[in-house]
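Letter by letter, the chains look like this.
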Amino acid sequence: SALTPASVALLRSVGAWDRVAAARARPFTAMQVWDARAPGHVRYDASELGADALGYVVENRIVHAALAEAANRLGVVAAAPSGVEGVLCGPTLPGPFSVVTLRRVGDAKDTTSDTATTDIHARVVVGADGANSRVRALAGLRAPGWSYGQKAAVGTVTLSRASDVAWQRFLPDGPIAVLPATDDPCVANVVWTNAPEEADRLVSLSDEDFANEVDNAVRGVGKYDFSRPSKAGDAETFPSRLSGKDALVDVERLVVSSFLEPLTKRGMSMLEQAHRNGGLGAGVGLVGGAPFEPPPRVTGAGGTRGAFPLATRMAGRHVSARLALIGDAAHQVHPLGGQGVNLGLRDAQLLQGVFEETCAVGGDVGSSSCLLAYEKKARAANAPMMAALDALQKLFAVDSAGVAWARGFGLAGVNAIGPLRREIAKYAMGGA
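This text gives an overview of the structure that appears in the document.

Cut-off values and rules
- Residues numbered from 1 in each chain as written.
- Predicted model: local features only at pLDDT ≥ 70, side-chain atom pairs only at ≥ 80, totals over all residues.
- Heavy atoms only, no water.
- Pairing = 2+ DSSP bridges.
- Helix = DSSP H or I, 4+ residues; strand = E, 2+ residues; numbered from the N terminus.
- Polar contact = N/O pair within 3.5 Å; in protein donor to acceptor, adjacent residues only side chain to side chain.
- Contact = heavy atoms within 4.5 Å.
- Buried < 20%, exposed > 50% of the residue type's maximum accessible area, 1.4 Å probe, protein only.
- Salt bridge = Lys/Arg side-chain N within 4 Å of Asp/Glu carboxyl O.
- Expected span 1.5 Å × (residues − 1).
- Axes fitted to C-alpha atoms, helices over the stretch in contact; angles between N-to-C directions.

1. A look at the sheet that holds strand S15 (residues 319–320)
Okay, so step 1: Taken together, 3 strands build an open sheet; the order of strands is S9-S16-S15 and the sheet is mixed. Every interior strand has two partners, whereas the edge strands, strand S9 (125–127) and S15, have only one.
Okay, so step 2: The pairing of S9 with strand S16 (residues 323–325) spans 3 bridges and is parallel. Within S16, the residue paired with Gly-127 across the bridge is Leu-325.

This is the structure we're talking about:
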């Protein structure tokens, strides 16, 4: 997962970050995003914000282990490996408690022994058990949403040179991201969104073929080169096609390839030169963005690869009587922004905050007033990011020359306007 500085600060506050950093936490100091079908890119740089990194790529298992060790040091009592079998919460229960029934892993066939299950009474139950949350289902809470009809293929590759940049190229079928992964600066993780059958094909390739495919996709070579104009955009063949059913598409492509794209490229060149000269605007980089940097070659691949389906959803309610949902149990997002884990950690921080406020005045952490305060804050924090990621996914999925040009022009505009570029970077880093 990619952790933002805000998430790192949270892990540090509970004593878990040192363990993560000692094991493996690979920083990335810049991020470059571009569209395969149009000129224009945006590059974010941590140095512009006075930060050491835009984020850190960390293995989930390392974060889990670090949090478990921190919890143990804080005196948190952990149950034996168990599954949730029942959740009872509400005004019908005696006393200010909910009841969670756990069944020990391996005891599924034991339906009679009292020792196979354990009832835990708690003032509040927190469901943090993922997108297919058992706690959410047992509490009767729904999480409507939709599938994107895509899968993300993930794997590990070797680069031709050291890189601390996160690279993301938007292809017609979905973005491909190459992220710094380990202490070896020439090793990177790949997250490639694609049609399900294509994602499965990529995962099944040999290491050599997978590396070649990723290399071509990132650099725009062969079948991944979408910059070449189609016959519809050729001024010599255009008149003969004007009366066809695709006439409007032909006009759109001709205008884009003959006028808009050259104009965009000239403007980008001028702005990049301004950036090299220190930017326009009293020395504060008001106008002028970093030029496009060709990504490193992908020279090899290794390790285990996999593919998982993509969807987005949000629970209609984040809370119920003496129960709260956080993380993927409450919301699931598209991975193109790398925000899933960060939103979950922010939920935990928001819930902790309302617990502290409630305890400070002698209140009940399981009360409706406390939990509704958390739900209000969590929705306000998460809904804008979820909407933005979903809108980006839909925008970059549109197959239109005009829309593609507009996307590229928009990326170039963000890259050129220093204050806007920096504010977007701050928001993505968890500074909103």
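2. Overview of the side chain of Asn-342
Okay, so step 1: Following the sequence through the fold, Asn-342 ends up in helix H9 (residues 340–360).
Okay, so step 2: At 2.9 Å, the side chain of Asn-342 forms a polar contact with the backbone nitrogen of Thr-4.
Okay, so step 3: Among residues more than four places away in sequence, those in contact with Asn-342 are Ala-2, Leu-3, Thr-4 and Ser-7.

3. Quick word on the side chain of Gln-332
Okay, so step 1: Relative to the helices and strands, Gln-332 is located in strand S17 (residues 331–332).
Okay, so step 2: Overall, Gln-332 belongs to the buried group, its relative accessible area being 15%.
Okay, so step 3: Side chain to side chain, Gln-332 and Arg-313 meet in a polar contact 2.4 Å long.
Okay, so step 4: If sequence neighbours within four positions are ignored, Gln-332 has contacts with Ala-131, Ala-311, Thr-312, Arg-313 and Met-386.

4. Comments concerning the pattern of salt bridges
Okay, so step 1: Applying the stated rule across the entire model yields 21 salt bridges.
Okay, so step 2: Among the ionic pairs, Arg-43 bridges to Glu-293, the shortest N-O distance being 3.0 Å. Of this pair, Arg-43 sits in strand S4 (residues 41–45) while Glu-293 sits in the loop between helix H8 (247–276) and strand S14 (298–314); the two residues are 250 residues apart in sequence, bridging distant segments of the chain.
Okay, so step 3: Residue Arg-43 is classed as buried on the basis of its relative accessible area, which comes to 13%.
Okay, so step 4: Glu-293 sits in the partly exposed class, given a relative accessible area of 24%.
Okay, so step 5: Close ionic contact of Glu-59 with Arg-61 constitutes a salt bridge, the shortest N to O distance being 2.8 Å.
Okay, so step 6: Its relative accessible area of 58% is what places Arg-61 among the exposed residues.
Okay, so step 7: Three or more residues joined by partner-sharing salt bridges are found here, namely Glu-198, Arg-201, Glu-213 and Lys-223.

5. Things to note about helix H6 (residues 207–219)
Okay, so step 1: The end-to-end C-alpha distance of H6 is 18 Å, a good match for the 18 Å that 13 residues give at a rise of 1.5 Å each.
Okay, so step 2: Residues Phe-210, Ala-211, Glu-213, Val-214, Asp-215, Ala-217 and Val-218 constitute the buried set of H6.
Okay, so step 3: Trailing H6 by a residue or two, Gly-220 shows a phi angle of about 75 degrees, which is positive.

6. Observations concerning the environment of Tyr-224
Okay, so step 1: Structurally, the position occupied by Tyr-224 is in the loop between H6 and helix H7 (238–241).
Okay, so step 2: Residues Tyr-224 and Pro-172, 52 residues apart in the sequence, show an inter-C-alpha distance of 9.2 Å.
Okay, so step 3: Here Tyr-224 is in contact with Arg-169, Leu-171, Trp-192, Glu-198, Arg-201, Glu-213, Asn-216 and Ala-217, once residues within four sequence places are set aside.
Okay, so step 4: Of note is the side chain of Tyr-224, whose polar atom sits 2.6 Å from the side chain of Glu-213.

7. Thoughts on the sheet that holds strand S6 (residues 82–88)
Okay, so step 1: Here we have 3 strands laid out as an open sheet, ordered S6-S7-S8, and antiparallel in their pairing. Where the open sheet ends on each side, the last strands, each with one partner, are S6 and strand S8 (117–122). Ignoring which end each strand starts from, the neighbouring axes of this sheet average 25 degrees apart.
Okay, so step 2: Relative to S8, strand S7 (residues 98–104) is paired through 6 bridges, and the arrangement is antiparallel.

8. With respect to unusual backbone geometry
Okay, so step 1: Phi is positive for Arg-322, which is not a glycine, with a value near 55 degrees.
Okay, so step 2: Within the fold, Arg-322 resides in the loop between S15 and S16.

9. Section: the pairing of strand S3 (residues 30–35)
Okay, so step 1: Most of S3 is tucked away: 5 of the 6 residues are buried.
Okay, so step 2: Relative to S4, S3 runs antiparallel, the two being bridged by 5 bridges. Along S4, the bridge assignment pairs Met-31 with Tyr-44.
Okay, so step 3: Adjacent in sequence and paired antiparallel, S3 and S4 are bridged by 5 residues, among which Gly-40 carries a positive phi angle near 125 degrees.
Okay, so step 4: Of the strand pairs in this sheet, S3 and strand S11 (residues 165–171) are connected by 6 bridges, and their pairing is parallel. For Met-31, the partnering residue across the bridge sits in S11 and is Ala-166.

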